[in-house]
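If you want the building blocks of each chain, they are given just below.
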Amino acid sequence: MSKLICSFEGIDGSHSSLVLKSFCDQMNLAFEPLGVPTLRHVATSVLTQKSHIGLLPIDNAITGTIRDGYDLLTQYNLVPFTEIQWKMDHRLLAVDGAALSGIREVYAHPLVIGECGQFLGTLTGAKIIPCEDTGFAAKEVAESKDPTKAAIAPPTVCQLYGLVELAKSIADHPENFTRFILFHAPTPSEAVANLRKDVESSGQKTSLVMSTANDAGALYKCLQVFNESKINLTKLESRPKLGKSWEYLFYVDFEGNSEDEKVKKALQSLEEHTSFLQVVGSYENCPLQKLAEKKPAKKTTQPREENWSAEMLPNSSKNWPKVSRAVSPKGSKIVVNNVTIGADDFIVIAGPCSVESKEQVLDTAKWIKENGAVMLRGGAFKPRTHPYSFQGMGWEGVQILSEAGRTTGLPVVSEVMSVDQVEKMAREVDVLQVGARNMQNFDLLRAIGKTQRAVLLKRGMSASIDELLCAAEYILSEGNPNVMLCERGIRTFETATRNTLDLSAVPVLRERTHLPIIVDPSHAIGVRRWIRPLCRAAKAVGAHGIIIEVHPDPEKALSDKDQALTFDDFVQIMNDLEKIPAINHY
Ligand code: PEP
Ligand code: MN
């Protein structure tokens, strides 16, 4: 790979594609654009090394903070390095011969719809149809050849797709700019490091996300820190905190670099007045013209593989370059609805081995939720050793699980057994479980890798740690970085327990990979009364969470009844876990 691959949201003609082209042209940079369907894909394609750099919008002059932009950068520890301010020139485009009065459907990106509310309000009788991106909107209209359809897109797109303009500058205000951020992975390749040097200028900005304590004057005290440090705030916007009604996150930008002494001190004082503080990063804020004036003399576009010199990587991690800790030294976090895995909180996933009835799942879900679990597990497709054992309720079971998930607000984890189930399962559940018996079903791993659903990848019962990492690498190599690994016991000569819980795998994995690690004591030890101490051990050894099996009436369980915990057992385990601090180092 000799060119720098840059990922952006959309197809040719999207605002992101135009920003990227303009940036690379002005920097005289050989680049290969990689259009992907969503902002999340932009972030994950950089993290999984499908591209070297990515472009995300973070802010718009009319509609404000683009939450996804900030959140994806922080979730995946991506490193912003330059801001590009881009004039959003929105026009109404249609096929030749169309008239404004005849328009019945308008296609546009949802963010763009928000920026053109006033104009769209005047188009009575026209349906406003949100679509993937601006390029797609224009292409759709052009290909339809239908004069009743129009798209909102910039004028440059007219030529690209053969459209004509029906209305000019339709944004709510003509001074409509979006701030885009160019970013790279936590460990940049040499080519990216060189590009960083080329964009360096004197203007530096830092972005952070924080929430204040719910005390009188808390925000005032935070602002006072900036005032006393003589740091110029360039943005302060509050947005509701997801999952916490009427609590707010503040999105803050200011002048300066987080490595400056003055800024470092200010951030330390800020910690005292905030209940949450995350620095997104520091970056250049030179406008495109300024970049052009710099006209960098030399461009190096080294293949990204150069990044993976053997010395940099522990042991054999060059075999799994995408899951190696070197890719994201701080460790990656996986966000599943309102749950973050891999952050400070130790998480508990619980539920029955198999979905057996609506009542069984709902009763269990309510109980575990009330007592502190954050996710519901349950198998609808069961990999059973004996062909005549209960094989699970199939899609009916999946429906029961998602209903229980919706009722309780718990995200749902369920096993997917074959490639043909992947697409439907990815729509129905929040986390796709790959069972121990399927850890090396490579077609299944690749199919899951093509989705963006979170994955719980269980270690095969006779798989080595490196083989588990290779299996994860399959999923990441297809572009899905949202993988958590699960140690669930391996086969040894020991017969007193169902399997042997390999707790040694936890520190080894924490060193070798950035992916979060979950421990499953239920399948490891297989005996109800021995599960509780292993849950404590899992937290103490540094796992990010556990997954355990709970049943309203274990004796009646249709699978794994010997290891099913009662509701009371579950409460005792939760009480035990509270006494053990979460370990955030290894
Ligand atoms: C399960 O979680 O119910 C299961 C079948 O686990 P494993 O694949 O680890 O045996
Ligand atoms: Mn089970």
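All values derive from a computational prediction rather than experimental measurement. (Residues numbered from 1 in each chain as written. Chains lettered and ligands numbered in written order. Predicted model: local features only at pLDDT ≥ 70, side-chain atom pairs only at ≥ 80, totals over all residues. Heavy atoms only, no water.)

Draft legend 1. Just the coordination of the manganese ion (ligand 2), in detail. Around the manganese ion (ligand 2), the donor atoms from the protein are Cys353 (SG), His523 (NE2), Glu549 (OE) and Asp560 (OD), and they sit 2.1 to 2.4 Å away. Counting gaps between the donor residues of the manganese ion (ligand 2) yields the pattern C-x169-H-x25-E-x10-D. Separated by 11 residues along the polypeptide, glutamate 549 in strand S25 (residues 545-549) and aspartate 560 in the loop between S25 and helix H20 (567-578) bring together distant segments of the chain. (Donors = N, O, S within 2.8 Å, 3.2 Å for Na, K, Ca; no water. Helix = DSSP H or I, 4+ residues; strand = E, 2+ residues; numbered from the N terminus.)

Draft legend 2. Main features of the pairing of strand S3 (residues 53-60). Judged by how many residues are buried, S3 sits mostly within the fold: eight of eight residues are covered. Bridge analysis of strand S1 (residues 4-9) against S3 gives two bridges, and the strand direction is parallel. Across the sheet, residue cysteine 6 finds its bridge partner in S3, namely isoleucine 53. Where S3 and strand S11 (residues 177-184) come together, seven bridges link them in antiparallel fashion. Looking across to S11, one finds that asparagine 60 is bridged to threonine 178. Across two bridges, S3 lies against strand S4 (residues 64-65) in antiparallel orientation. Bridged to aspartate 59 within S4 is threonine 65. Count of turn residues in the S3/S4 antiparallel hairpin: three residues. (Buried < 20%, exposed > 50% of the residue type's maximum accessible area, 1.4 Å probe, protein only. Pairing = 2+ DSSP bridges.)

Draft legend 3. Geometry of the domain arrangement of the chain. Domain boundaries in the chain define domain 1 (1-87 + 176-199), domain 2 (91-167), domain 3 (201-289) and domain 4 (315-578). A straight line from the C-alpha centre of domain 2 to that of domain 3 covers 38 Å. (Domains from an automatic or database assignment.)

Draft legend 4. Just the packing of helix H16 (residues 465-477) against helix H17 (residues 505-512), in detail. Remark: H16 packs on H17, axes separated minimally by 11 Å, with the N-to-C direction vectors making an angle of 45°. When the interaxial angle is binned, H16 and H17 end up oblique. Along this stretch, H16 crosses H17, giving a crossing that reads as right-handed. From H16, Ile465, Asp466, Leu468 and Leu469 reach across to H17, where they touch Ala505, Val508, Leu509 and Arg512. Residues that form the contact of H16 with H17 fall into these classes: six nonpolar, no polar and two charged. (Axes fitted to C-alpha atoms, helices over the stretch in contact; angles between N-to-C directions. Parallel < 35°, antiparallel > 145°, perpendicular 65-115°, else oblique. Left-handed = near helix turned anticlockwise from the far one by under 90°. Contact = heavy atoms within 4.5 Å. Nonpolar A, V, L, I, M, F, W, Y, C, P; charged D, E, K, R; others polar.)

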